[in-house]
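Coordinate inspection notes
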Amino acid sequence: MSILTILEFPDPRLRTVAAPVTVFDAELKQFLADMYETMYAANGVGLAATQVNVHKRVLVADMSEDRNEPLALINAEILEKDGQQVYQEGCLSFPGIYADVTRALKVKVKAHDVDGNEIIVEAEGPLAVCIQHEMDHLAGKVFVDYLSPLKRGMLLKRMEKQRKASA
Ligand code: ZN
């Protein structure tokens, strides 16, 4: 297994729209293992393939306290959305910044598992946020896109400052 490099905003590759996965082979299994390792090493709760510069519709998530409930969704599609919630989101591609984003409270998602079987996942609360956030990445969207230009500018400036301070 290996830890992959995570792209950081404003890297233009984060705007790439991912293509569906059509081959479910050992290479895909290896990639998922690397995605999990990268997410856990970075202390993240979710990671989209786009963030590691692989433009396939693959995402992983683990919102559990003990970091032992890994979820992988391949070719995820939202079938149903319900309700609304505001949740403070962060992102491994935006180190050190957080912002409130409004999203659906519940989602019902159709996806493939690593073997290519179709699965249906129903999520609510934080996991629903995470799935919507990661699916956005695969469409070339990032969470600050939802903020007002003023708020976005403020946060990005803060991120830049922190980046310089830690360099
Ligand atoms: Zn993210």
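So, here is what we can say about the structure in this document. Not measured: the values here are computed from a predicted model.

**Here's the deal with the coordination of the zinc ion**
- Around the zinc ion, the donor atoms from the protein are Cys91 (SG), His133 (NE2) and His137 (NE2), and they sit 2.0 to 2.2 Å away.
- In the primary structure, the donors to the zinc ion are separated according to the pattern C-x41-H-x3-H. Of the two residues, cysteine 91 is situated in the loop between β4 (85-89) and β5 (99-103) and histidine 133 in helix α2 (residues 126-138); the sequence distance between them amounts to 42 residues. Of the two residues, cysteine 91 and histidine 133, both sit in the buried class.

**Digging into the sheet that holds strand β7 (residues 118-124)**
- If you walk across this open sheet you meet the 5 strands as β1-β2-β3-β6-β7, and the pairing is antiparallel. Pairing within the sheet leaves two strands with one partner each, and these edge strands are β1 (46-48) and β7. Across the sheet, the mean angle from the axis of one strand to that of its neighbour is 40 degrees, orientation sign disregarded.
- Where strand β3 (residues 71-82) lies against strand β6 (residues 106-112), 6 bridges are found, and the strand directions are antiparallel. Note that in β6 the partner of glutamate 80 across the bridge is lysine 108.

**Comments concerning the nonpolar core**
- Counting residues in each nonpolar core, the largest one holds 31 residues, and the members touching the most others are Met35, Leu47, Val58, Val60, Leu73, Val109 and Ile131.
- Sorting the residues of this core by element identifies α1 (26-41), β1, β2 (58-61), β3, β6, β7 and α2 as the ones contributing at least two each.
- Counting residues per element, this core draws most heavily on α1, which supplies 6 residues.
- Excluding anything up to four places from it in sequence, valine 58 contacts Val21, Leu28, Phe31, Leu32, Met35, Leu47, Ala48, Ala49, Leu73, Ile74 and Leu138.

**Details of the environment of aspartate 145**
- As for its position among the elements, aspartate 145 is in the loop between α2 and α3 (149-166).
- Its relative accessible area of 30% is what places aspartate 145 among the partly exposed residues.
- Ignoring anything within four residues of it in the chain, the contact list for aspartate 145 reads Arg15 and Arg152.
- Here the side chain of aspartate 145 touches arginine 15 through a polar contact of 2.8 Å, side chain to side chain.

**Some remarks on the pattern of salt bridges**
- Applying the stated criterion across every chain yields a total of 8 salt bridges.
- For the salt bridge of aspartate 115 with lysine 29, the shortest nitrogen-to-oxygen distance reads 3.1 Å. Of the two residues, aspartate 115 sits in the loop between β6 and β7 while lysine 29 sits in helix α1, which places them 86 residues apart along the sequence.
- By relative accessible area, aspartate 115 is classed as partly exposed at 48%.
- With a closest N to O distance of 3.8 Å, lysine 108 and glutamate 80 form a salt bridge. With lysine 108 in strand β6 and glutamate 80 in strand β3, this residue pair connects regions lying 28 residues apart in the sequence.
- Glutamate 80 sits in the partly exposed class, given a relative accessible area of 46%.
- Within this structure, Glu8, Glu160 and Arg163 form a network of salt bridges that share partners.

Thresholds, definitions, all that
Residues numbered from 1 in each chain as written. Predicted model: local features only at pLDDT ≥ 70, side-chain atom pairs only at ≥ 80, totals over all residues. Heavy atoms only, no water. Donors = N, O, S within 2.8 Å, 3.2 Å for Na, K, Ca; no water. Helix = DSSP H or I, 4+ residues; strand = E, 2+ residues; numbered from the N terminus. Buried < 20%, exposed > 50% of the residue type's maximum accessible area, 1.4 Å probe, protein only. Pairing = 2+ DSSP bridges. Axes fitted to C-alpha atoms, helices over the stretch in contact; angles between N-to-C directions. Core = buried A, V, L, I, M, F, W, Y, C linked by side-chain atoms within 4.5 Å. Contact = heavy atoms within 4.5 Å. Polar contact = N/O pair within 3.5 Å; in protein donor to acceptor, adjacent residues only side chain to side chain. Salt bridge = Lys/Arg side-chain N within 4 Å of Asp/Glu carboxyl O.

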